[in-house]
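# Structure assessment
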Amino acid sequence: MNAPDITALLADLRERFHGRLLVDPADTAPFLTDWRKRYTGRALAVAQPESTADVAAVVRWCAEHRVPLVPQGGNTGMVGAATPDDSGRALVLSLARMNRIREIDVVNNTATVEAGVVLANLQQAARDAGRLFPLSLAAEGSCTLGGNLSTNAGGVQVLRYGNTRELCLGLEVVTPAGEVWNGLRGLRKDNTGYDLKHLFIGAEGTLGVITAATMKLHPLPAAQVTAFAAVPDPHAALRLLVLAQKRLAASLTAFELISDYCMQLVERHLPGRRRPLAAASPYYVLLESSDFESEAHAHERFEALLGEAMEAGDVTDAAIAGSIAQSQAFWAIRESIPEAQALEGRNIKQDISVPISSIGRFIDETITTIERDFPGVRMVVFGHLGDGNLHYNVSPAPGVSPDAFMANEAAINHITYEALAAHRGSISAEHGLGQLKPVENVRYKPALEISLMRTVKAALDPLGIMNPGKVLPI
Ligand code: FAD
Ligand code: 2HG
Ligand code: ZN
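Note that the coordinates shown come from a computational prediction; the quantities given were computed from them, not determined experimentally.

This next bit is on helix α16 (residues 409–422). For α16, with 14 residues, the first-to-last C-alpha span of 20 Å sits near the 20 Å given by 1.5 Å per residue. Looking only at α16, the buried set comprises E409, I412, N413, I415, T416, Y417, A419 and L420.

Here we come to the sheet that holds strand β5 (residues 101–105). With antiparallel pairing, the five strands of this open sheet are ordered in space as β5-β6-β10-β8-β9. Each of the sheet's edge strands pairs with one partner strand only, and the pair in question is β5 and β9 (180–183). Neighbour-to-neighbour, the strand axes of the sheet open up by a mean angle of 10 degrees, direction not taken into account. As paired elements, strand β8 (residues 168–174) and β9 share four bridges and run antiparallel to each other. By the bridge assignment, V174 is partnered in β9 with V180. Seen against the sheet, helix α3 (residues 52–65) touches β5, β8, β9 and β10 (209–216) and runs at an angle of roughly 50 degrees to β8. Its contacts with the sheet put helix α4 (residues 119–128) on β5 and β6 (110–114), and the angle it makes with β5 is roughly 35 degrees.

Turning our eyes to something else, we now look at the site of ligand 1. The environment of ligand 1 is made up of 36 residues, and the closest members are P71, G73, G74, T76 and T144. Between ligand 1 and G77 there is a distance of 2.9 Å, counted from an oxygen atom to a backbone nitrogen or oxygen. Here an oxygen atom of ligand 1 and a side-chain polar atom of T151 are 2.9 Å apart. Out of a free accessible area of 970 Å², ligand 1 has 97% covered by protein chains. Examining the composition of the shell around ligand 1, we find that five residues originate from one element, helix α5 (residues 145–151), more than from any other. Its residues assigned to classes, the shell around ligand 1 comprises 15 nonpolar, 19 polar and two charged.

With that settled, consider the site of ligand 2. Ligand 2 sits among M78, R334, P338, Q341, K349, F382, H384, H391, N393, E430 and H431. Take R334: an N or O atom from its side chain is 2.6 Å from an oxygen atom of ligand 2. In this structure, H391 approaches ligand 2 through a side-chain N or O atom, which is 3.0 Å from an oxygen atom. For ligand 2, whose free accessible area comes to 290 Å², the fraction covered by protein is 90%. Of the residues in the shell around ligand 2, the class split is three nonpolar, five polar and three charged.

Another point: the sheet that holds strand β15 (residues 317–320). Across the sheet, seven strands lie side by side as β15-β12-β14-β13-β17-β18-β16; this open sheet has antiparallel pairing. Edge positions in the open sheet fall to β15 and β16 (351–353), since each of these has one partner strand only. Going across the sheet, the axis of each strand differs from the next one's by a mean of 20 degrees, ignoring polarity. Across nine bridges, the pairing between strand β12 (residues 223–231) and strand β14 (residues 283–291) is antiparallel. Looking at the pairing, T226 lines up with E288 of β14. The strands that helix α13 (residues 337–344) touches are β13 (252–259), β17 (378–384) and β18 (389–395); relative to β17, the one it contacts most, it runs at about 160 degrees.

About the cut-offs
Within each chain, residue numbers correspond to sequence positions counted from 1 in written order. Here chains are named by letter from A upward and ligands by number from 1 upward, in the order in which they appear as written. Under the rules for a predicted model, residues below a pLDDT of 70 receive no local features and side-chain atom pairs below 80 are neither given nor counted, while totals for whole chains, interfaces and linings still include all residues. Computation of side-chain values: all heavy atoms of the structure, hydrogens and water removed. Segments assigned H or I by DSSP are reported as helices when at least four residues long, segments assigned E as strands when at least two residues long, and all are numbered from the N terminus. Under the convention used throughout, the expected extent of a helix is 1.5 Å for every residue step, that is, one less than its residue count. Exposure classes here rest on a 1.4 Å probe applied to the protein chains alone. A residue is buried below 20% of its type maximum, exposed above 50%, and partly exposed in between. Should DSSP find at least two bridges between two strands, the strands are regarded as paired. As a rule, the C-alpha atoms of each element are fitted with a line to give its axis, helices using only the stretch in contact, and angles between N-to-C directions run from 0 to 180 degrees. Whether two residues touch is decided by their heavy atoms; if any such pair falls within 4.5 Å, the residues are in contact. The criterion for a residue being near a molecule or strand is simple. One of its heavy atoms has to lie within 4 Å of it. Counted as a polar contact is a pair of N or O atoms within 3.5 Å, where, for protein atoms, one must be capable of donating a hydrogen and the other of accepting one, and residues adjacent in sequence contribute only when both atoms are in side chains. In this description, accessible areas are obtained by the Shrake-Rupley approach with a 1.4 Å probe, and a residue is regarded as covered only by the protein chains that are shown. Classes in brief: Ala, Val, Leu, Ile, Met, Phe, Trp, Tyr, Cys and Pro nonpolar; Asp, Glu, Lys and Arg charged; the others, Gly included, polar.

On their own, these measurements won't tell you what the molecule is for.
Structure (structure tokens):
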């Protein structure tokens, strides 16, 4: 397309929908670089429609003109899935202005909301209605429900409430042909054929645009109590997990592992954050219990649990938050780890999962090999141990330039990914594949699975306009 064609085409697009069309480089720039600043692309423009009909009109325009389309929510993704390539041919479709809460049904325990609703706003709307929307992650102040669904986001309460997929009852989707599928059913039981919503959840915008969703709500707990426990190693943390599940059962809502190196990063870059425990330990666990009786009951059970774990030698020191402010301070440390890493500089991100029973051995094997082959590197180990999911990131040895270090990315990933294959784990537990991992995914998944994925993609998006190059290599 030459310049006058583009101007005429964009004028035509602007006519077809309500909302904003951003074309000025200063306006489009924030949409073209990902949160980690690892990827920067170019785009024809950024469209911000205001309704499902508007989204459908934009998608039809893209289909008509064979313009690739990159859906974007809060742009907090970790794998460059919402960033266009550098051809400048794509249109970024930002769902940010589709941010209405359509309905909260407290009897059915559901919320029907548009895709651009910021997660924290949905949590608050649920709380205002006396309910809990349990999806929770450090990006909740800016990520959107559409992005959460499209990445099948996990976060810190999966252990008890499941990931985003498990919280979703129905979807409204604009297909790549620009048709609107209204599947906004609030049913907990519905066996009427293929459950199509599951195709779009976790598809990273490659099969259609999610415009709204009906999500499950839960009762609000009477009290939430948080503890910070020092543990000698991940094996002890796993024994604590087993004990906590036995003693607290469904009340155990979070179980996060944090290595001491993560604490050092947070202290270095976010000096307001204070360590909850005086003495350093190789690892810590942040646990949370949601109690439906009372705060006193929750404290009592936590004290008994931690006492038992200390006697067994699995916990060496622990603090139970005595107030909401203290609990928030514990969480602030955990939630600052991604930001502290970003401030430290570039690192290699690995978002792994293995069966919980294998995770101790997996850590022992891979850390030894990585540290042997790449002396001096720092392992940034933290995450959702209760789900078998760790952020298993690797930072350069002191004094090594980020560029020189990043040249080792494939070799370091190879060590981890081979171990994952041996333990039947996943190379992406919760962040998705985006443009970071499609090629490696093809290497590690059965060929038949990839071929079935390609069949689904071709059936739903025959023109290949939906977020090309993400999830499946072109
Ligand atoms: P975006 O980044 O805008 O998009 C992500 C993907 O979804 C892209 O493929 C995009 O094309 C697609 N998409 C977005 N909206 C739509 C739509 N309406 N229809 C179709 N496709 C769409 N992730 C976790 O799982 N667990 C965590 O604990 C976690 N913690 C984080 C902490 C921090 C500090 C940060 C920065 C990120 C974290 N993330 C975490 C990653 C990220 O927040 C999640 O992946 C989140 O779900 C992305 O939402 P978003 O609205 O920002 O999506
Ligand atoms: C988290 O759990 C996120 O904080 C980000 O998933 C993980 O920074 C990371 O690698
Ligand atoms: Zn995470």
